[in-house]
Structures are given as structure tokens and as C-alpha cells.
Amino acid sequence: MVVKPFFLYFIRIIVLPRGGSLCLSSYWNSCWTLPCQPAVAMGIPVFILAGLLVHCVFLVSIFDIYFSSPLVHGMTPQQTPLPPPAKRLVLFVADGLRADSLYELNSNDTPQAPFLRSVLENNGSWGISHTRVPTESRPGHVALIAGFYEDVSAVAKGWKENPVEFDSVFNESKYTWSWGSPDILPMFAKGATGDHVYTFCYMAESEDFGAQDAAKLDMWVFDHVKSFFNSSRSNQTLFSALNEEKVVLFLHLLGIDTNGHAHRPNSREYKENIKKVDEGVKEIASMIDNFYGNDGKTAFVLTSDHGMTDWGSHGAGHPSETLTPLIVWGAGVNYPQKVTSQFFEDNFLKEWKLENLKRLDVNQADIAPLMASLIGVPFPLNSVGTLPLEYLNNSAHFKAESMFTNAVQILEQFKVKMSQKKETTLSFLFTPFKPLSDSEQINFLKQTRLYIQQQKYDEAESTVLFYGFAFVGMIIVFFLLIQTCPWTYYVYCLLPVPVWYAVVRELPVIQDLAANLLSLQISQSVGFLLVCVLGIEILVFSFFYRSTLTIGLLVFAGWPVITQLWVQAKATALMWTFLCVLLAIFPLMPVVGREPNIPLVLATGLLTLLISCFSLASLCKSENKYRSNEDLKVHFYQMLSIALSTYVVSSTHDSLKNKQGLPLLNQIISWMTLVSSSVLPLLSPTFLFQRLFSILLSLMSTYLLLSTGYEALFPLVLSGLMFVWINMEQEALQHYGLSVKPKLAVFNFAYATDITQFRQLHLDDVRRSFFFVFFIVTAFFGTGNIASVNSFDPASVYCFLTVFSPFMMGGLLVLKVVIPFVLVSCAFEAVQVTTQLSSKSLFLIVLVISDIMALHFFFLVKDYGSWLDIGTSISHYVLVMSLTIFMMLMNGLAQLLTTKRLELPRRTKHHST
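Residues numbered from 1 in each chain as written. Predicted model: local features only at pLDDT ≥ 70, side-chain atom pairs only at ≥ 80, totals over all residues. Heavy atoms only, no water.

**Considerations on the pattern of salt bridges**
So, point 1. By the definition in use, this model includes 17 salt bridges.
So, point 2. Arg88 is paired through a salt bridge with Asp295; the nearest N and O atoms lie 3.0 Å apart. Of this pair, Arg88 sits in strand 1 (residues 88–94) while Asp295 sits in the loop between helix 12 (268–291) and strand 6 (298–303), and the two are 207 residues apart along the sequence.
So, point 3. According to the relative accessible area criterion, Arg88 is buried, its value standing at 1%.
So, point 4. Since its relative accessible area comes to 33%, Asp295 is described here as partly exposed.
So, point 5. The salt bridge involving Asp310 is made with Arg98; its shortest N-O contact spans 2.8 Å. Of this pair, Asp310 sits in the loop between strand 6 and helix 13 (319–322) while Arg98 sits in the loop between strand 1 and helix 4 (99–103); the two residues are 212 residues apart in sequence, bridging distant segments of the chain.
So, point 6. Overlapping salt bridges, with partners in common, bring together Glu729, Asp765, Arg767 and Arg768 in one network. (Salt bridge = Lys/Arg side-chain N within 4 Å of Asp/Glu carboxyl O. Helix = DSSP H or I, 4+ residues; strand = E, 2+ residues; numbered from the N terminus. Buried < 20%, exposed > 50% of the residue type's maximum accessible area, 1.4 Å probe, protein only.)

**So, the side chain of Ser701**
So, point 1. Mapped onto the elements, Ser701 comes out in helix 31 (residues 688–705).
So, point 2. For Ser701, a relative accessible area of 1% puts it in the buried group.
So, point 3. Looking at Ser701, its side chain comes within polar contact range of the side chain of Ser641, at 3.4 Å.
So, point 4. Among residues more than four places away in sequence, those in contact with Ser701 are Ser641, Ile642, Ser645, Thr673 and Ser677. (Polar contact = N/O pair within 3.5 Å; in protein donor to acceptor, adjacent residues only side chain to side chain. Contact = heavy atoms within 4.5 Å.)

**Some thoughts on the sheet that holds strand 2 (residues 125–130)**
So, point 1. In spatial order, the strands read 4-3-5-1-6-7-2-8; together these 8 strands make up an open sheet with mixed pairing. Two strands lie at the open edges of the sheet, namely strand 4 (197–201) and strand 8 (362–363), each paired on one side alone.
So, point 2. With 5 bridges connecting them, strand 3 (residues 175–180) and strand 4 associate as parallel partners. Across the sheet, the residue bridging to Trp179 is Phe200, located in strand 4.
So, point 3. Contacts between helix 9 (residues 216–232) and the sheet are confined to strand 3, strand 4 and strand 5 (247–253), with strand 5 contributing the most and set at about 155° to the helix. (Pairing = 2+ DSSP bridges. Axes fitted to C-alpha atoms, helices over the stretch in contact; angles between N-to-C directions.)

**Remarks on the packing of aromatic side chains**
So, point 1. Counted under the stated rule, the structure contains 42 aromatic pairs.
So, point 2. Consider the rings of Phe586 and Phe714, whose centres lie 5.3 Å apart with planes at 70°: the pair is edge-to-face. With Phe586 in the loop between helix 26 (570–583) and helix 27 (598–621) and Phe714 in helix 32 (residues 714–735), this pair connects stretches of sequence that are 128 residues apart.
So, point 3. Overall, the relative accessible area of 7% leaves Phe586 in the buried class.
So, point 4. Using a relative accessible area of 0% as the deciding quantity, one classes Phe714 as buried.
So, point 5. One aromatic cluster is present, built from ring pairs that chain together Tyr175, Trp177, Trp179, Tyr198, Phe200, Phe228, Phe229, Phe239, Phe291 and Tyr292.
So, point 6. The ring of Tyr703 is capped by Lys816, whose NZ or CZ atom sits 6.0 Å from the centre of that ring. (Phe/Tyr/Trp six-rings, centres within 6.5 Å; stacked < 30°, edge-to-face > 60°. Lys NZ or Arg CZ within 6 Å of the ring centre and 35° of its normal.)

Okay, structure coming up:
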């Protein structure tokens, strides 16, 4: 019996086509059962060879697909046109140095590397350089010096030879001198054009893991650098070359890596080697500064190619291997930036006791463009690094030009790659990347150059960010196309892209807010967050239970006591508490339309008239040089309007009660009052309280005509609270020492838009924004529920019309709801400008709060249960979204009502001759 080997069965399954399986199987079996037939000699090798061929093709394919170089050539070098801050660069690469090993303190709280610790605390910028896998010496150095992550095809040559020539900072320099390992230095000299990259290497046999002390490798480097500079004093050619611009000195320090492999990173040998490197760096830096006469034109960079695991290996992606130190100091480099707090997912800052020094993390490939920018050489042609601007201490113009050069350099690679792809692809199969088409590239470059010429440097720096998000959008579209999704899915999935683009552009603002929050004690931070969550939940519950607003207003009443504001402004604080309690009564009242109470409406009109009389008397007595007779006339007209509205309400009610219908005169007065209420405020002065009181009187005259009961008092009480709120915010501003307290009596809306006076956001501004949202919701639900039509009494519109007209009546009822909104929005506008914040700063926080509410209601939407449950959940979500949109409109309307003024033509006086 002949046994069939398993691998032949496998080849048979793979090679034979399905259609011929039966007859070939028979033939196969016959070949095995009749070994003496001629077919045996020919059949077996055919199948074996075919199977081997297929598997060889599969084996070779992975090298062709995954291990071919992605680099392209033929790009044009890009260089920042402005003069660089440094003439020379010194690069120290401590091979195998972990970030924590350098930054951590010893058990006695002394630094592991005293000189470098003093540099990052007093002279330069620091952070973590994040490397990529494989964490080997060659890929790490290529990323540092050439700006791209190592060509994977180099693995086929054991990370020793350059499979493809590439550009580097060394190649672009005028001269580069390097000292260190023979495994690293030659690859940068081999890829350089001309004869300007010089290498000085020790013997390969010196890299002995079994040696007594591998730190001698680093001592060799330091000693040879000192000898090199000493010899240059007697060599005029070398001395002249060293004094050229665009010079690079590269010190590759292998001792730490060798000691780490031999003794582990936590060993005495590894740590002692770090101290020797620190001493050597200090000595070399001092020597170089002295050599150049302390001209301040030398930039220093210290980093590592990779880290190392606790067991002494590297090559994979463990944080101990991918987190390396980066310290930069000298010409063109930012000094240490003091911060109160900073947020990172790790706990290194606390462990290293560096919480108060800003940590600037980068990707390893970003160091190449940083070095190129510092000494003014072209960015390496194949670099994919992004220039870390925060390391630069230079003008905004220089940063914008450098970032522009960085973007163009990367764009050049894209253009060459696209051209190559186009040449090797059938024309009808080639689809260009539309966001970077030729025309878009031209527009991008022109627009960015225009921004720089117009000194709009922030806009120029964000162009690159825009194309990054555009690329993300293209990826989303690609996946949606694969799944053949409806067009609405494209809207849903693509909409977050521009939103997050806008968020990322404002990232410094978010970081500052987070820093302020983290600067507080833990108990204060937690308390602040809990108060924010509780406040938003109260707003959400108010959509279900109006009485929740009462709880919130009672809490507001105690605000001056909680914050100690009542100590400095007792009268104002007392008035605030009284009006909060008074306003808290309204959400407990039944919705409008149950029991009309016309006498209460008339009493409100008389009270408003009385308050306006006191205001007029005060205005007449004041010695305000800005006051004019026209201002007094406008005020008088508004008082007359209040009186007429009160009369019309009384007269109309009596006429309808006597079945006599709506008097025509009353109807005319009502509509004229409605029209004039939108114009009269614009005729009044733009001084804060005068304009706000004018808006109140005009809107109150219309609101009285639309009232049938207790709701007539609501805007009057609400406005009173708004006036007190403005004063309270001034006290809070002074209490927290944010700015000087302005004089509200002479504050003018028209001159409150000077952006030079605006201040930065403070945590207390979150509270101001929340107050505004709460008052808006209170205005929304204070006297009714717009979600329920039957909560509004049709009798509210009888002063305007009594004949059924759903659109006209609905419009008037909406106007009634809008009036409290306008009063709150105008008060909020006053709070913004008097607390010296830009009009969008507080309002952006308002939108965040309202969007969180909307998100809450989004998850409460139901598609099951009764029609009432489903309808209520949907209506609440629609309402809160509409509220957000409506607040945007109200913000614009408030700016118009407070800042604009109409000037009536004045009568020209004629004098007789």
C-alpha cells in the first residue's frame, strides 16, 4: 500500500480547478495506484512544481507590496525666506535614553541629570518625543534627521544600508561634522550630495555589551569633539568652515543604549552613564559657546532615538520604548513657559515634579523641520514632520513663513507621487484627489501667501489644518461609498468634520479653560463640575416640571451670601435676593388663560407708569451733559404709550364684556403701539441704563396689550432682576479682581466694542453664561408652556383683533413669548460689554450649555410607547434645538437694539435779516 503524503493532498486541493476535480481525481488516484505506469513520472512533478510556484509567488508578494520604498524623488527644496535665528545647531542623541530615566528625580529629590534639568527649568523648552515602531536605532535617527519614518524596505538589509537614497538636515546643511557609532553615521554621509558631511567613528569592536563600562563610548565622542575644536584653532580652513552659517554638529552617544542592554535601565551602570552624558553635554555646550564668543547663535537639541524596556530590549511599541526626551535651548528657542496646570493622560508631570513648566510633546519626525527652521536650511525633501511652533521664539511672521514652507514641502511630495501614479495608471481609472487638485493647490498657496502679506499669520498657520480635516472627510466618503449609504448619511457623518475643525482651531482657548479648572483644588474642581451638572439638569427638568425653575431661583437668591458678595454691596445683594424670590413665584402659578384678571393688568400698567415718572424726574434733575431735549421727548412718548396701552386694555375689556365688540380706535392704537415699540428704543441714547429702560418701556406697552392676568407683572419683575444682575456682575468682577469696575451711569453701548479692552475668559464667566440660559428658560416657561397651545388664552390678542385668524393670532402669541427673551438678551449683552468680554466669548459658552441640553433631550427621544410619550419627547427635543437657534437670533437682535441709534432730521432755524 502506497501512503499519500499530506502536502500532496494540499497541493491537489489548491491547484486543481473545481470543474475538473472528478476526472483529475481519478487520474491522480490512478497515478498512485499504478506506480509503474509512465504517467507517474510526469504527473507528480507537475503538481508539485505548480504548488511550489503558487506559494513562492505568495511569499514574494508581501515583500513587493509591504517592503517596497514609498519614498519619491524629484521634489523642489523648500526653505523659509526669512533669516534664521541660529547659525549653527548641535544635536545630541543619547541612544536608548528613556524619557522617565532622564526627567525623574532620585530618591533624595535630586535630578538625574542636573545640567539638563537646569536647562529645561531656566533656558529652554522640553517635552516628550513620541517615536514609532520599530523602535530601533536606524529608524529613530532617520526620523530625527530626515523627518520620515524609516523606509520598511531597510529591514531587508538589516537596518544597515540605505535601500533608497534620502534627503536629511545634514545633507541640506553647509557643513556637518558627526562623531559616534559606525552603525549610524555613515548612512547620512552616504546619502549626502557633495563632500560636506564628515564622520568620525570608533571601531565597531568597541560596541561590546560585555565591556566593563560602555560609557567609554560617550567619553570617546566628547574627547574627540574637544580635540576637534582645539585643532581648528591652528587650522585656518577648518576654523573658517566652523564659522560659516548652516553648520551642524552631531554627537551620537551610544553608551546608554549599550549599558541598558547589558545591565538593564534600572541598573547603576545605566544611571551613572546618564550622569556622565549630562556632564559631557554641559562641558561641550560651554566649550562651543566660548569658541564662538557667546554670540547667541547656537541652538542645542538633546533627544533620543528610542527608549528601552525594563528588561533591556527595544524594537516594539511599549511606552518605555516610544517615549523619549526632548530638550531644546539656545538661539531661536522659547524659554520655559510657566503654567498653573496642564492635562496629559499620563501622570509623568507629577512624578517628575514638572507640573508648572509647559510640556511640549512632538512626534519624532517633527524634530527634523524644527532643526531645519532654526538654522535656515531647506526642509528635508521626504520629511513628513510638522513644525512644532511652540518651540520657536520668533516673530509671528517667521512662524507663519516656516509653517507655509513646511506645508509646501509636503505638498511637493504629493505632487510627485500623484504624477507617478498618473503615469502608471490607465487614464480612465485615474481619479485625482479633488481637495488637492492643481487649481486647489494654486488657490491654497495664493491664499496662504496673501494671509502672510496681510500679516494674518494665524490664518496662514491654519491652512494645513484645513487640508488635514479635508483628508478625514475624504476617508469618510470612501467608506460610505463602499456601503452604498443614503445621501443623508453623508450629511450626518461629514457634518462633525467642519465642527471639529473649528474646535481644534480654538484649542488654546479650551486648554486655558481646562488649565483654570485644574488650577483649583480637587474639592473645588469636583464641586464646580457637580454644580454645572446639577444646573443643567435643573434646566432639563424644567421642561417637564415648571416648578423646578422656582428651586433654581431660590438657589440664585443665596448666591451673594455663598460668594460673600453681600459684604461689599449689601443693598444690591438684598435687592437681588428679593427679586429672585419674587420671580420664583411665577413658575408656581397656573398657566395663562385660567382666570383673567384685568385689574391686575391695569395695576401693572400704572406701576410701570409710576416707575417711568421717577425715571423721567431723575433724568431731568441730572446734570448729564449728554442729555438733550430730544431724549426727554422720546421718554415722554414712551410714557404716553404705556398710559394708552393701559387705557386700551381697560376699554377693550369693558366693550367686549358689554357685547359691543372691539372699538376701532382701540385697535388702531394697539397696532400703532406694536409698530412704534420696535422704533422708539432706537431713538433713545445708547447709555446703558437709559437704553435698557427705553427697551423695557417700549416692549412693556405691547406686552400689556397682550396680557389678561398676572403675567403682565412678569416682564416688569424680570427686568428689575436684569437691572440688578448687571450691577451684581460689576461687584463680582471687582470681587475676583478681574478688572477695574466701570461706571455704569456713563457707560455707552455704542463705544463698548473696542477689542483692545477685552479680557480673557475666567471660570466665573461659565456662571454668567449659565445665568443667561437659566433666565432664558425662565422667560420661556415663566408664565406658560409654548409646547402646549392650550396654555395660551386667545383673549390675549383681543386688543388687536377679535375675528378668528390663526396665523395673525399665532404670530401675536409668539411675540408675547419673545418679549421676555428680548429683555434677557439685552441684559446679557450689557453684562458682556460691562465685564469686558467680546460678544462671542460668553455666547459660545451659552451655546455649549444649550447643546449639552439638546444632547440630553436627543437621548430622551422615544419611538415606542403611546403617541403622547413619543410626541412629548420629540417636541422637547425640537424646542431645545429651536431655543438654541433662537438665542443666536436674539443675540443679534440685542446688539442691534443696544448699539444702534436713529437720528431724526432736525428742523433748520431761519433767522430774519
